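Residues per chain, in single letters:
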Amino acid sequence: MTMSLRPPHRSARKAKILALSLISAVFEPSLTRAQDAPVTPPQPPIVESPAVESGETPELLTGTAAVICAKLATKPAAPFDESDSAAVSTFYQARQCRPLWVDEQGPTRAATLVMAELGRAEDWGLRASDFELAAVKEPMISGSWTPEQTARAELEISAAALRYAHEAEGSRISEPEKRLSGYLDRAPVLTDAASVLTRLAGAQNPDEALRAFQPSQDQFLKLKALLARLRGHTPANEPDRFNIPRRGAMLQAGVRDADVATLKQRFGIASDTGSEQLYDDKLAAAIKQFQASKSLHADGIVGASTRAKLSGEDFQSTPEKITAVIANMEEWRWMPRSLGATNVFVNIPAFSIVLTDNNKPVFEERVVVGTPSTQTPVFSKDMTKIVLRPRWNLPDSIKMTALRTGRSIERQGYVVMHNGHVIDSSRVNWSKAKLSNYMIYQPSGDDNALGLVKLLFPNKHSVYLHDTPSRYLFNERVRLFSHGCMRVRNPQRFAQTVFNIDRGHSSPNVAQLVNKGPMDNQIALNTPIPVHVGYFTTWVANDGTPQFFEDYYGHQKRITLALAGKWKDIDVTQEHVTPETLETSAVKKVHYRSARRDEDDDDRRRRGGGYDRRGGYGRYGGDMGLMRSGPGYSYGNTVGDVIRRALGF
């Protein structure tokens, strides 16, 4: 006996389909209204008809579901972005194209909640115009929408919700590193369309689920509150009770004044009974910190300029301030959603670094950052080790500078290594040499460019945190001096604090190791600590006071232009990269003295050559190294002096 593999008779199959269609017509509309019912997660489809190819409308679907499937079968499916089209189609096919937001009677409860959230987009620094809905406003004929109208409204709401979720995650500037600046090593992480819709479909309150795509970092939420205040939407429970009058007496240590009591409340400073109005040392310390955050002279005296800031002047709204806040909120969308309970945060425009442990700041200091032409890049990586008494490995950019001085590398205080061996720099044809094949470093020592501490968090930019012998630079208000690395004031205390967090009672003694420990002493952390290098020109202090910093690198301007759609006006900068091979024409003009010649000069000096303040010892020149110091160093206008000042050493 043989079994037939032929399908059932065609006429019987057609009769079954016709009967089902008639039943469907009798009970139209087939979709029950769910105005007050909670949205349920998509269920696996029950397929009774023969399998169809992806994108085709199932034969048994009618009404709104059939129209939805037909619209999603187009490539790309309007009104969705091309990148979302396939995922949206898959999501709806999994639920047999049943609507999520509407029926023939209009929007459901879920849709009403989502549309209300879309209407609050401006509060989050987005544009309400990006989420305008037209189909849901179409008039109903005979009290209901047609299947075509219903399908159009359904897909329009889904598209708007997807756009909101993606913009909340940073999709408006999807590739900052390529489209704005090579120094912005950030990339928004977007949730795929199917996951967004699935999350919304399974939520009891889809408006809350949609809102959850917004950043939740503390500083982002403070900027949101600041934006509302600058727009005149200050909540009634946020009175300006801690602001003092713009005009009044000068306040300093020992002065008694009613404004002192207000300031103590503002900065959370407790006083003994009867001393509420006495300006004491604790208030002076708080005022100094406030003045520094406002780029004022931090003398602890409340004069006219400080009074202006303490009077709430910063809350006076201007279009520029609103623009700055929105640009900074956009940057937070690119940041990791969790910074980590323990983390290091560097804010470039504020020239500041904060080490946080268990969500509390335990170390706050000043930093020196890169110049506008050699910027400190913006990125996040994990700190993995600390180096005490480090040697300085020159980056390619500074290798080139050293080679062009016309003096031997050794004479400048450096060592050249190739294939693990120390070599004489004068024996290298630098016009053809590949810089990355040669290690040039400065040995450990008090005059080392890195100072005595280096903190490493491996990254493609080859930058890190370190000490510096040029500590006077921390007294400058604008600290743009480095080649990209970040120099930290009080680095030994910083390193000790990191070790204490990482190892507790078994942490190494940094001061002792720096004084007597081995050279280039690399100590790995047991638990890596996230390091976030940010560029935020607007920052809100814990007391709610906004701080506005200069846009030194122009990143805020680039973001603002991008959000306005003015991409052609953006000056896209590329990260400074030194070519692997030096230009032959430049090197041919340079004569390098050998290490032997330098040794001969040293010998001549020991035998009686006196120092010539014009730059050398006797008639032999005797160039001092770029990094060297001592009784014979000339702080004049020699090539070494110029380079030393230019590099900030």
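Residues numbered from 1 in each chain as written. Predicted model: local features only at pLDDT ≥ 70, side-chain atom pairs only at ≥ 80, totals over all residues. Heavy atoms only, no water.

Caption draft 1: Representation of the packing of helix α2 (residues 63–72) against helix α5 (residues 147–168). The contact between α2 and α5 brings their axes to 8 Å, and the two run at 55 degrees. It follows from the interaxial angle that α2 and α5 lie oblique. Note on packing geometry: the crossing formed by α2 with α5 is right-handed. On α5, the residues that touch Gly63, Thr64, Val67, Ile68, Lys71 and Leu72 of α2 are Pro147, Glu148, Thr150, Ala151, Arg152, Glu154 and Leu155. (Axes fitted to C-alpha atoms, helices over the stretch in contact; angles between N-to-C directions. Helix = DSSP H or I, 4+ residues; strand = E, 2+ residues; numbered from the N terminus. Parallel < 35°, antiparallel > 145°, perpendicular 65-115°, else oblique. Left-handed = near helix turned anticlockwise from the far one by under 90°. Contact = heavy atoms within 4.5 Å.)

Caption draft 2: The arrangement of the state of the cysteines in detail. This structure, assessed with the given rule, holds one disulfide. Here cysteine 69 connects covalently by a disulfide to cysteine 97, the sulfurs 1.8 Å from one another. Judged by the sign of its S-S torsion, about 80 degrees, the cystine formed by cysteine 69 and cysteine 97 is right-handed. Taken together, the residues cysteine 69 in helix α2 and cysteine 97 in the loop between α3 (82–94) and β1 (102–103) connect sequence positions 28 residues apart. Looking at cysteine 97, the relative accessible area reads 0%, which means it is buried. (Disulfide = S-S within 2.5 Å. Buried < 20%, exposed > 50% of the residue type's maximum accessible area, 1.4 Å probe, protein only.)

Caption draft 3: Summary view of the environment of threonine 560. Mapped onto the fold, threonine 560 is located in helix α17 (residues 555–563). Taking C-alpha positions, threonine 560 is 9.5 Å from isoleucine 570, a pair spaced 10 residues apart along the chain. In this view, threonine 560 contacts Thr323 and Ala327; residues no more than four positions away in its chain are not counted.

Caption draft 4: Just the confidence of the model for the protein chain, in detail. Averaged over all residues, the pLDDT of the protein chain equals 82, while 78% of them reach at least 70. Scored below 50 in pLDDT, residues 1–55 shows 54 contacts in the model against residues more than four places distant or in partner chains. pLDDT under 50 marks residues 581–649. Its contacts with residues more than four places away, or in other chains, come to 131 contacts. (pLDDT = per-residue confidence, 0-100.)

Caption draft 5: View of the pairing of strand β8 (residues 415–418). One ladder, built from four bridges, connects β8 with strand β10 (residues 438–442); its direction is antiparallel. Note that in β10 the partner of valine 416 across the bridge is isoleucine 440. Summarising the sheet, β8 and strand β9 (residues 421–423) pair through three bridges and their orientation is antiparallel. Paired with methionine 417 across the bridge in β9 is valine 422. Two successive antiparallel strands, β8 and β9, enclose a turn made up of two residues, where asparagine 419 displays a positive phi of approximately 55 degrees. (Pairing = 2+ DSSP bridges.)

Caption draft 6: A look at the sheet that holds β9. The antiparallel open sheet is built from four strands, whose spatial order is β7-β10-β8-β9. Edge positions in the open sheet fall to β7 (392–393) and β9, since each of these has one partner strand only.

Caption draft 7: Here's a closer look at the side chain of threonine 374. Within the element layout of this structure, threonine 374 appears in the loop between β5 (360–370) and β6 (379–388). Side-chain polar atoms of threonine 374 contact the side chain of threonine 371, separated by 2.6 Å. From its side chain, threonine 374 meets the backbone oxygen of serine 482 in a polar contact 3.0 Å long. In contact with threonine 374, other than residues within four places in its own chain, are Tyr183, Ser482, His483 and Gly484. (Polar contact = N/O pair within 3.5 Å; in protein donor to acceptor, adjacent residues only side chain to side chain.)

Caption draft 8: Fine view of the pairing of strand β4 (residues 352–357). In this sheet, β4 lies alongside strand β3 (residues 343–347) in antiparallel orientation, the contact comprising five bridges. Paired with valine 346 across the bridge in β4 is isoleucine 353. The antiparallel pairing of β3 with β4 creates a hairpin that spans four residues between the two strands, and phenylalanine 351 there sits at a positive phi of about 50 degrees. Here β4 runs beside β5; their pairing, made up of six bridges, is antiparallel. Residue pairing in the sheet places serine 352 in a bridge with arginine 366 of β5. If you look at the hairpin formed by β4 and β5, you'll find two residues sitting between the two strands, and asparagine 358 has a positive phi there, around 50 degrees.

Caption draft 9: Representation of the packing of aromatic side chains. Throughout the structure, instances matching the rule amount to 16 aromatic pairs. Here the aromatic cluster, defined as three or more aromatic residues joined through ring pairs, consists of Trp332, Phe345, Phe536 and Trp539. Geometry around tyrosine 441 places arginine 391 over its ring, the cationic atom sitting 4.1 Å from the centre. For the cation-ring pair, lysine 454 lies above tyrosine 464, with the distance from its terminal atom to the ring centre recorded as 5.2 Å. (Phe/Tyr/Trp six-rings, centres within 6.5 Å; stacked < 30°, edge-to-face > 60°. Lys NZ or Arg CZ within 6 Å of the ring centre and 35° of its normal.)

Caption draft 10: Seen up close, the nonpolar core. Counting 130 residues, the largest nonpolar core has Tyr92, Trp101, Met383, Ile386, Leu465 and Phe494 as the members making the most contacts within it. Examining the composition of this core, we find that 11 residues originate from one element, α5, more than from any other. With residues near it in sequence (within four places) discarded, tryptophan 101 still touches Tyr92, Gly106, Pro107, Thr108, Ala110, Ala111, Val114, Glu154, Ile157, Ser158, Leu200 and Pro206. Ile269, Ala286, Ile287 and Val302 belong to the second-largest nonpolar core, a separate cluster that totals 13 residues. (Core = buried A, V, L, I, M, F, W, Y, C linked by side-chain atoms within 4.5 Å.)

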